[in-house]
Amino acid sequence: MSKEGIIFDIKEFAVFDGPGIRTTVFLKGCPLRCKWCHNPEGLSVNPQLMISKNGCVGCGRCREVCTHLGNCVLCGDCVKACPNRLIKLCGDRMTAEILAERLLRDADYLNRQGGGVTFSGGEPTMQSEFLLECLKRLKSMHRTIETCGYCQTDVFARILEELDYVIMDIKLADREQHKLYTGVDNSLILDNLEQVKRSGKPFRIRIPVIPGVNDSEENYRQTAALLSGAGNLEMVELLPYHKTAGAKYEMVGRTYRPEFDINQVPNLDTEAFSQVGIECRTM
Amino acid sequence: MTTYIEKLLDRFIVEKEQKQYREAPADKYREAVRYEKEALTDLQRTVRRLAYMLKHEKPVVYPDEKIVLLRTVTTVPEIFTEREFEGIKKEHYIHEQGKVCNINPAYDMLIAAGFDKKREEIKGVLQVLTDDAEDVESSEKREYLNALLEVLDLITEFADRYRKEAERVGNTEAAEVLSRIPAKGAENFREALQFLRLVHYCLWSSFNYHNTFGRFDQYMYSYYINDIENGILDKETALELIEEFFISCNKDSDLYTGMQQGDNGQSMVLGGLNIDGTESYNDLSDLCLQASLELKLIDPKINLRVNKNTPVEMYEKGTMLTKQGLGFPQYANDDVIIPALKRWGYEEQDAYNYVVAACWEFIIPGRGMDIPNVNGLSFAHAVISSMEKLPQCTAFEEFLEIVKAAVSEQAVELMESAKNVYMEPAPLMSLMMEGSIGRAQDVSKGNKYNNYGIHGTGLSTAVDSLAAIEKYVFKERAFTAEELLTMLDHDFAGKEEVQNMLRFEAPKMGNDDDAVDGIAVKLLDWFADSLEGVHNDRGGIFRAGTGSAMYYIWHARAEVPTADGRRRGEALACNYSPSLFTRLNGPISIIKSFSKPHLMRVANGGPLTIELHDTLFRNEDSIRKVAMFVKSFMDMGGHQMQINAVNRDKMKDAKAHPENYRNLIVRVWGWSGYFVELDEVYQDHIIERMELGM
């Protein structure tokens, strides 16, 4: 039996998710609770309704058809009723077999463009068995994950085995700070970073630059130290915080409370990395 | 960019200083009334009109300009009164405004020879004609050739007035250039550019429009390289001249005829295969791209000719330009277009020399009096007009046969209507069309190629409607044909959920679904089949295409709701593109879908248009990937493509606050224009199109 997973998007023509032109699959569920998260629909592993208020004409048809008011069972009646499709059922249950079949359709094309498939999220390793089956079914394609690295080390090792390339976040080098801003301690992450370094597989590190949280020179230096000597590291990318990060919170019924000054200009000085011979660029 | 070019931009684009010299608009029929009284022939009238225009022009020269001329006469007069024109319309098929337009003259025929030599050539032909007044044909020819001489004299006189003005303001260099041209052929790049500006200017003053520049990088190259080799120019000074020329294309463009402000057809084609298989893209082509990139102006609009060997670096340069948001370059695939043109009977050397007309149609410089946009067939209408027969069909294939007949019927009707075309004579244009002098025949009466192109609009709406009918009426039997007709009659009132399903869940073209895309293959084949082997009354053929022009708005206005869930009056997709409200898998699926039809058979012109979110153009790496994406469509057999870098929020804001977006440029159908100057219906369509942005 093929494993079932829950995905919340498949994005064609992804150009920032690894080498070449790629298709990126977003797996639902994340063990971290970063205060700057811009994909709140990826946090919960379960399917959920996503309602876009922008464009709503207030026709009320969604409420008219609802038979589970206040106790949503994701029947999807309101999705079908909305004349502008502003309600979305976020999270499709899909077997690895079906997903792989869909992705393999474009394998020749993506191979020709030096690309492949990227699993992102959420945190793709949260659905590790599903992810593993997908990766195994996609051996004819170049395979990458975008991971926060928070995963049991033995599971991570098995996943790493199936990958051609790794994109990993190092959000904060300091353990306490990491726990404060993401909800978890970074020791598993750092252990897995060591695994990636040892694997010899090409990898890229990303730092979401959050003003006043992790954009200090000290954090950059500590991160650079963690990475020094890794011959398989291609580069470090700084991803400046986007003020639009909060856009999707309301759609999933959450409130965005960033707890840092979103208007502060982030420090994007790449010198801490270039000094130790690591290529670093700002996205 | 040099400070001189910055100054010109400031003068002509930002401050629009040239407008202060303009006369107030005049009654466009004032001259025609006189011509009618004098009972002038149409040929005499066109010459008189040019005389009127050029004699009323007040030369304006800035002391620092290198390429002079700007328009001060605002209104180009008509040559017929309204009543006269109504009479002509009764007798003839009038395409658009009844003028020679949307063709590409061979500018080099004048620029290289100069007017003195042209006069000799004309006189040479005149000499061998008898002056027997009884010989009607001969006297008509004499009359025509004398008209050509008169046109040359008028332009010479006009150029000389500009020369004097240049002298008066102390611009001795410009005066010196005008003391040689147009009498003599251009001897250097600057003279050639001034010559081109002069001729182009006079075409607009002759009421010819959609005057494309064609293969500028080819016919201008010898002047450019000669100056480089002789040390007269280096790349920087050449670039400055090109930029000044490009700016000159924007000085008077608001006075040019078109459907909408910006639709003036000043396009340019760069690169392309030579007949020996080598690539013609040269240093001058490169400088043109650079100029366009630096200036960020609407005109000229850039087309790039590509083929399977075109390196991705070339597409990267194009993508850098796309990033500016101007809506060009547009790419044309030589590997599809050249064989298509040959198949249609174009001689090999001409096929290799093709250019892009005002929007996207493929035409031949100096040899084609093609009317590549003579009319438009609506696939959506073919489906709509077949719907009443749907209840009688027991199988989907039966319904397809009815639609096939409707396509063919519409095609025949359009071809039948394009008979006995009349266009006003165009003597200046004819001076740059092969054989016009020798045969003493005006281009408006025909030239080497006299083919008519028919656009095909509403393809995705038709395909999606048919796919929905197949799935819901015949396969799943979710509703009957009668029920569908009732829902459509009532614009889905009370059946919003079904409409919703049709809009968002039904199979759509653009998702790389063979069953759906196969319908598109059929529709386009039927269109091509209907035109195949039919000749027009000028001896030319009919060419099928995938363009839409303004038909996507016009056709939609009259159209009723469709089985794809489209509401009454909702616009059809522009050109060769997915339907507007569909939510597709993404760009890869789109190009896979749209490369399936036999595009070589429907190569009149009309690009696959894809809107990409502007963040995809963020860095070098992603620009390279966008370039690879464009290349991949061409490698899969795509015929023509145009990418827009878009940001929907910006457009919405521009609509709400036009004062902040005076210079925002967008692609409309085959051309780019200032967003804030467009009619609201086009603004809304563009915003809607961007919702599809990937």
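Each residue is numbered by its place in its chain's sequence as written, counting from 1. Whichever chain is written first becomes A and whichever ligand is written first becomes 1, with later ones labelled in order. Side-chain atom pairs in this predicted model are given and counted only at pLDDT of 80 or more, local residue features only at pLDDT of at least 70, and totals for whole chains, interfaces and linings cover all residues. Computation of side-chain values: all heavy atoms of the structure, hydrogens and water removed.

Engineer: Any details on the packing of helix 18 (residues 396-417) of chain B against helix 24 (residues 514-531) of chain B? Residues and values, ideally.
Structural biologist: The description of two packed helices rests on the angle between their axes and on the distance between the axes. Residue and element names in this part refer to chain B. Interaxial angle, 0 to 180 degrees, is taken between N-to-C directions of lines fitted to C-alpha atoms, where a helix line uses only the stretch in contact. Note on conventions: DSSP H or I runs of at least 4 residues are helices, E runs of at least 2 residues are strands, and numbering of each starts at the N terminus. The geometry of helix 18 relative to helix 24 is characterised by a closest axis approach of 9 Å and an angle of 35° between their N-to-C directions. Considering only the axes of helix 18 and helix 24, their crossing is right-handed. The residues of helix 24 that touch helix 18, namely those facing Phe396, Leu400, Val403, Lys404, Val407, Ser408, Ala411 and Met415, are Ile519, Lys522, Leu523, Trp526, Phe527, Ser530 and Leu531. For the contact of helix 18 with helix 24, the residue count by class is eleven nonpolar, two polar and two charged. The sense of a crossing depends on the near helix, which, turned anticlockwise from the far helix by less than a right angle, makes the crossing left-handed and, turned clockwise, makes it right-handed. Throughout, a residue-residue contact means that at least one pair of heavy atoms, one from each residue, lies within 4.5 Å. In this classification, the charged set is Asp, Glu, Lys and Arg, the nonpolar set is Ala, Val, Leu, Ile, Met, Phe, Trp, Tyr, Cys and Pro, and all remaining amino acids, among them Gly, are polar.

Engineer: Tell me what's going on with helix 27 (residues 620-635) of chain B, and back it up with residues and numbers.
Structural biologist: Residue and element names in this part refer to chain B. Compared with an ideal rise of 1.5 Å per residue, which puts 16 residues at 22 Å, helix 27 spans 22 Å between its outermost C-alpha atoms and is within 8% of the ideal. Here's how the labels work: a residue is buried when its accessible area is under 20% of the maximum for its type, exposed when over 50%, partly exposed in between, all with a 1.4 Å probe on protein chains only. Within helix 27, twelve of the 16 residues are buried, leaving the element largely enclosed by the surrounding structure. Of the residues making up helix 27, those classed as buried are Ser622, Ile623, Lys625, Val626, Ala627, Met628, Phe629, Val630, Lys631, Ser632, Phe633 and Met634. Immediately beyond the C-terminal end of helix 27, within one or two residues, lies Gly637, with a positive phi of roughly 100°. Each helix should span, by expectation, one fewer than its residue count multiplied by 1.5 Å.

Engineer: Report on the packing of aromatic side chains, specifying residues and quantitative values.
Structural biologist: Residue and element names in this part refer to chain B. In this scheme Phe, Tyr and Trp rings, the latter by its six-membered ring, pair at centre separations within 6.5 Å, and the angle between planes marks the pair as stacked below 30 degrees, edge-to-face above 60, and tilted otherwise. Under the defined criterion, the tally for this structure stands at 28 aromatic pairs over all chains. Considering the side-chain rings of Tyr452 and Phe542, the 5.9 Å spacing of their centres and the 75° angle between planes classify their relative orientation as edge-to-face. Of this pair, Tyr452 sits in strand 7 (residues 452-457) while Phe542 sits in strand 8 (residues 542-544), and the two are 90 residues apart along the sequence. Note on Tyr452: relative accessible area 1%, which makes it buried. Accessibility expressed as a relative area gives 4% for Phe542, which makes it buried. Following the ring pairs from residue to residue traces out a cluster consisting of Tyr107, Phe213, Phe216, Tyr219, Phe245 and Phe246.

Engineer: How would you sum up the sheet that holds strand 10 (residues 233-240) of chain A? Please name residues and give values.
Structural biologist: The strands that make up a sheet pair up through hydrogen bonds in the backbone, lying either parallel or antiparallel. Residues and elements named next belong to chain A. Paired strands are those between which DSSP finds at least two bridges. Taken in spatial order, the nine strands line up as 5-1-2-6-7-8-9-10-11 in an open sheet, and their pairing is mixed. Whereas interior strands pair on both sides, the edge strands pair on one side only; in this sheet they are strand 5 (92-95) and strand 11 (280-282). Within this sheet the neighbouring strands show an average axis-to-axis angle of 30°, counted without direction.

Engineer: Account for a negative patch on the surface, naming residues and giving values.
Structural biologist: A contiguous patch of negative charge on the surface is contributed by Asp131(B), Asp132(B), Glu134(B) and Asp135(B). Mapped onto the fold, Asp131(B) is located in the loop between helix 6 (115-128) and helix 7 (136-168). Patch membership requires more than 30% relative accessible area and the absence of a salt bridge. Residues of like charge join within 9 Å; the nonpolar side chains Val, Leu, Ile, Met, Phe, Trp and Tyr join within 5 Å. Residue exposure ignores everything except the shown protein chains as possible cover, and the areas themselves are Shrake-Rupley values with a 1.4 Å probe. Salt bridges are defined by distance alone: a side-chain nitrogen of Lys or Arg within 4 Å of a carboxyl oxygen of Asp or Glu. In this tally, Asp and Glu contribute negative charge and Lys and Arg positive charge; neither His nor the terminal groups of the chain are included. In plain terms, the charge of a residue is placed at NZ if it is Lys, CZ if Arg, CG if Asp and CD if Glu.

Engineer: Please set out the pairing of strand 8 (residues 165-169) of chain A residue by residue, giving values where relevant.
Structural biologist: Residues and elements named next belong to chain A. Counting buried residues along strand 8, five of its five residues qualify, which places the element largely inside the surrounding structure. Residue alternation in strand 8 divides its side chains into two sets, Tyr165, Ile167 and Asp169 and Val166 and Met168, and both sets are buried. Both strand 7 (residues 142-147) and strand 8 contribute to a ladder of four bridges, which runs parallel. The residue bridging Ile145 from the neighbouring strand is Val166, located in strand 8. Crossover handedness is defined by viewing with both strands directed away from the observer: a clockwise path from the first strand over the helix to the second marks the crossover as right-handed. With helix 6 (residues 153-161) bridging strand 7 and its parallel neighbour strand 8, the resulting β-α-β unit is right-handed. With four bridges connecting them, strand 8 and strand 9 (residues 203-209) associate as parallel partners. Counterpart to Ile167 in the pairing with strand 9 is Arg204.

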